[in-house]
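Chain by chain, the residues run as shown.
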Amino acid sequence: MFKMDLSVILLTVLSFGIGSYTLKTTAQDFRVGAFSLKVFGQTKITDLSIVATIARVSKVIMRYDIILLQGIIDSEGTAVDDLLKLVNSVESDDPYSMIISEGLGSSYTKEHYAYLYRSSRANLVRSYTYKDTGDRFEREPYIAIFESRYTAVSPFAVVGIKTTLEEINLLADVDSELEVKNVIFAGDFNANCGYVSNNRWKEVELRENPRYKWLIEDDVDTTPSDTDCAYRY
């Protein structure tokens, strides 16, 4: 009963409460994004009082052909499945598929990463968690390789990360071990707050190496918090 009721409420909020979803991609568009769900689990997915927030998240998801979702902390492992069902109840004509990582991190609370993707526009070749024999990552990168006839390069990898300065410097190693040469590093690594300060960027190989293009400028605030932080992508 809950799932049916929440789906109906979500549809209503998307259609009337916070504006109809009107963004449609063209044959030339292909959008890849990354978004943190901020400790997303049973409490959030079952709380009808925050259904408008869930609706806004759904609208964010529907902007993209591939989107990395981080911050999934759910011991029951069903909350993101319910979110996917809600999104597809709106996008029934072009539904999303999903892959989700194992629990990542050495702490007691494991975090999951998920990729939602439009199977009509992207074909999943393989997904896997990067295995670092040196145990250098707090949360290992979660990698998905896709093919698409809508992209300028194919195949390509999306590497989902949540990382510190020292771990950012390890991403060149991850890149060298990928099965494909085209890669997007996506997720949570901070440009000018607690993770990497401005005066330390010169230490970051991915910042200095011309092979890599940084897509978010230093002065772009990409967080909802009071801190002025640009999380790199």
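Residues numbered from 1 in each chain as written. Predicted model: local features only at pLDDT ≥ 70, side-chain atom pairs only at ≥ 80, totals over all residues. Heavy atoms only, no water.

## With respect to the layout of surface pockets
Of the voids in this model, the second largest pocket is the one considered here, and its volume is about 390 Å³. Val183, Ile184, Phe185, Tyr212 and Lys213 are the residues nearest the centre of the second largest pocket, which is lined by 14 residues in total. Taken together, the residues of the lining of the second largest pocket sort by class into ten nonpolar, one polar and three charged. (1 Å grid on protein atoms, 1.4 Å probe; cavity = no way out; pocket = protein on both sides within 12 Å on 5 of 7 lines; lining within 4 Å. Points joined across faces, edges and corners; volume = space filled by probe spheres on them. Nonpolar A, V, L, I, M, F, W, Y, C, P; charged D, E, K, R; others polar.)

## Here we look at the nonpolar core
Core analysis: the largest hydrophobic core is formed by 23 residues, its most contacted members being Ile143, Val159, Leu171, Val174, Phe185, Val204 and Leu206. When contributions to this core are tallied by element, the ones reaching two or more residues are strand S6 (142–147), strand S7 (156–162), helix H5 (165–168) and helix H6 (171–177). When neighbours within four sequence positions are excluded, isoleucine 143 is seen to be in contact with Tyr115, Arg126, Ser127, Tyr128, Tyr130, Ala157, Val158, Val159, Val174 and Leu178. (Core = buried A, V, L, I, M, F, W, Y, C linked by side-chain atoms within 4.5 Å. Buried < 20%, exposed > 50% of the residue type's maximum accessible area, 1.4 Å probe, protein only. Helix = DSSP H or I, 4+ residues; strand = E, 2+ residues; numbered from the N terminus. Contact = heavy atoms within 4.5 Å.)

## Some words on the packing of aromatic side chains
Applying the stated rule across the entire model yields seven aromatic pairs. Considering the side-chain rings of tyrosine 130 and phenylalanine 137, the 6.0 Å spacing of their centres and the 85 degrees angle between planes classify their relative orientation as edge-to-face. There is no split in this pair, since tyrosine 130 and phenylalanine 137 are both buried. Members of the aromatic cluster, joined through ring pairs, are Phe30, Tyr115, Tyr117, Tyr142, Phe146 and Phe156. Directly above the ring of tyrosine 150 sits arginine 121, whose terminal nitrogen or CZ lies 4.2 Å from the centroid. Across the ring face of tyrosine 128, the terminal group of arginine 126 is positioned such that the distance to the ring centre comes to 4.0 Å. (Phe/Tyr/Trp six-rings, centres within 6.5 Å; stacked < 30°, edge-to-face > 60°. Lys NZ or Arg CZ within 6 Å of the ring centre and 35° of its normal.)

## Focus on the pairing of S6
The side chains of a regular strand alternate between the sheet's two faces. Taken across its six residues, S6 has five buried, putting it largely inside the fold. Of the pairings in the sheet, the one linking strand S5 (residues 123–129) to S6 comprises six bridges and is antiparallel in character. Bridge pairing links leucine 124 to phenylalanine 146 in S6. (Pairing = 2+ DSSP bridges.)

## Observations concerning unusual backbone geometry
Between serine 154 and proline 155 the backbone carries a cis peptide bond, its omega angle lying at 0 degrees. Of note, proline 155 is situated in the loop between S6 and S7.

## Quick word on the confidence of the model for the protein
Keep in mind that low pLDDT regions are not for reading the predicted coordinates in detail. For the protein, the mean per-residue pLDDT works out to 76, and 68% of the residues sit at or above 70. In the model, residues 6–23 has pLDDT below 50 throughout and makes 43 contacts with residues more than four positions away in sequence or in other chains. (pLDDT = per-residue confidence, 0-100.)

## Comments concerning the pattern of salt bridges
Using the criterion set out here, one finds eleven salt bridges in the structure. Aspartate 132 is the salt-bridge partner of arginine 136, the closest N and O atoms lying 3.1 Å from each other. Overlapping salt bridges bring together Asp65, Glu91, Asp94, Arg118 and Arg121 as one network. (Salt bridge = Lys/Arg side-chain N within 4 Å of Asp/Glu carboxyl O.)

## Structural notes on the environment of leucine 170
With respect to the element layout, leucine 170 can be found in the loop between H5 and H6. In this structure leucine 170 comes out as buried when scored by relative accessible area, which is 13%. Sequence separation of leucine 170 and leucine 206 is 36 residues, and the distance between their C-alpha atoms is 9.3 Å. The residues contacting leucine 170, other than those within four sequence positions of it, are Arg136 and Phe137.

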